[in-house]
Amino acid sequence: MLKSYSPDEILFCFALASEAADVFDGQNILFTGIGKVQATYALSKILGSQRPKLIINLGSAGSSHFPKGTVVNCRQFVQRDMDVRGLGFEQYETPLSGIPSVLEYGEIFDGLPQAVCGTGDSFEMEQGNTSYTVVDMEAYALAYIAQQEKIPFLCLKYISDGADDNAADDWSEQVHKAAEAYGKLLL
């Protein structure tokens, strides 16, 4: 159950302005840019000057598991591009970090399906993996920082495409619908 927070206690994190549209005007927003490195840098930098009581990551994601237009709640995250099995580590495990291959962190948003988010620095167009049910490019990094900083974290993803060979076209058509869906849930 998600605790109630005042608007000034929440930091909304989006990769792109198109995912927020004008629905979140007036809110405390961080646009991180695309990918794990940019997301890590942007969130780390802003935490140096403000300390939110809740970080909410909202954005688009691909999925061959959930239909387009679905909003899912992610509380488990894997780095889908971390693969050091050749040295004896588990797939998705960051070597010598002590971090499990599946990072579990985040708040529950009642009434939404639960998803495992596979974060990676590539636009996945052939999701065949069953270890994760949605794909994005920033959530793992944001969840990790929130966990390390002991800041509650909520991750909601709007399924914009099927993580298949139509993903790029579908994402372009669907991404603006994410803000509307989030506005109805959160504002």
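Further up the page is the structure itself.
Residues numbered from 1 in each chain as written. Predicted model: local features only at pLDDT ≥ 70, side-chain atom pairs only at ≥ 80, totals over all residues. Heavy atoms only, no water.

Draft legend 1. A look at the pattern of salt bridges. Counted by the stated rule, this structure contains five salt bridges. Note that Lys 53 and Glu 9 form a salt bridge whose closest N and O atoms lie 3.8 Å from each other. Here Lys 53 is found in the loop between α2 (36–47) and β3 (54–62), whereas its partner Glu 9 is found in the segment before β1 (10–14), with 44 residues between them in sequence. Given a relative accessible area of 47%, Lys 53 falls into the partly exposed group. (Salt bridge = Lys/Arg side-chain N within 4 Å of Asp/Glu carboxyl O. Helix = DSSP H or I, 4+ residues; strand = E, 2+ residues; numbered from the N terminus. Buried < 20%, exposed > 50% of the residue type's maximum accessible area, 1.4 Å probe, protein only.)

Draft legend 2. Main features of α2. The first and last C-alpha atoms of α2 sit 16 Å apart over twelve residues, in line with the 16 Å expected at 1.5 Å per residue. Of the positions making up α2, those classed as buried are Lys 36, Ala 39, Ala 42, Leu 43, Ile 46 and Leu 47. The buried residues of α2 all sit within an arc of 140° when viewed along its axis, so they share a single face. Away from the buried face of α2 by more than 90 degrees, exposed residues Val 37, Tyr 41 and Lys 45 are located. (Expected span 1.5 Å × (residues − 1). Arc of directions from axis to C-beta.)

Draft legend 3. Here's a closer look at the pairing of β3. In terms of burial, β3 is a largely internal element, nine of the nine residues being buried. Burial along β3 is two-sided: the residues Leu 54, Ile 56, Leu 58, Ser 60 and Gly 62 and Ile 55, Asn 57, Gly 59 and Ala 61 are all buried. Taken together, the four bridges between β1 and β3 define a ladder with parallel strand orientation. Looking at the pairing, Leu 11 lines up with Ile 55 of β3. Taken together, the eight bridges between β3 and strand β8 (residues 153–161) define a ladder with parallel strand orientation. Paired with Ala 61 across the bridge in β8 is Ile 159. (Pairing = 2+ DSSP bridges.)

Draft legend 4. Layout of the packing of aromatic side chains. Taken as a whole, this structure holds five aromatic pairs when the rule is applied. Taken together, a centroid distance of 6.1 Å and an interplanar angle of 70° make the contact between Tyr 92 and Tyr 132 edge-to-face. Pair noted here: Tyr 92 is in the loop between β4 (71–79) and β5 (103–104) and Tyr 132 is in the loop between β6 (114–119) and β7 (134–136), with a separation of 40 residues, a long-range link. Tyr 92 sits in the buried class, given a relative accessible area of 5%. Pairwise contacts between aromatic rings join Phe 12, Phe 14, Phe 24 and Phe 31 into one cluster. (Phe/Tyr/Trp six-rings, centres within 6.5 Å; stacked < 30°, edge-to-face > 60°.)

Draft legend 5. Examining the nonpolar core more closely. In this structure, Leu 43, Cys 74, Phe 77, Val 134 and Phe 153 are the most contacted members of the largest nonpolar core, which totals 30 residues. Elements with a minimum of two residues in this core: β1, α2, β3, β4, β6, α3 (139–149) and β8. Element by element, the count of residues in this core is highest for α3, at seven residues. Counting residues in hydrophobic clusters, the runner-up holds 18 residues, among them Phe 12, Phe 109, Leu 112 and Leu 154. (Core = buried A, V, L, I, M, F, W, Y, C linked by side-chain atoms within 4.5 Å.)

Draft legend 6. Seen up close, unusual backbone geometry. At Ala 21, a residue that is not glycine, the phi angle is positive and equals roughly 50°. Backbone geometry at Lys 150 places phi at a positive 60°, although glycine is not the residue there. Locating Lys 150 in the fold gives a position in the loop between α3 and β8. The class for Lys 150 is exposed, based on a relative accessible area of 70%.

Draft legend 7. Fine view of the packing of α2 against α3. In the contact formed by α2 and α3, the axes pass within 8 Å of each other and the chain directions differ by 30°. Here the hand of the crossing between α2 and α3 comes out right-handed. In this structure, α2 contributes Lys 36, Ala 39, Thr 40, Leu 43, Ser 44 and Leu 47 to the contact, and α3 contributes Ala 141, Leu 142, Ile 145 and Glu 149. Among the residues forming the contact of α2 with α3, the class breakdown is six nonpolar, two polar and two charged. (Axes fitted to C-alpha atoms, helices over the stretch in contact; angles between N-to-C directions. Left-handed = near helix turned anticlockwise from the far one by under 90°. Contact = heavy atoms within 4.5 Å. Nonpolar A, V, L, I, M, F, W, Y, C, P; charged D, E, K, R; others polar.)

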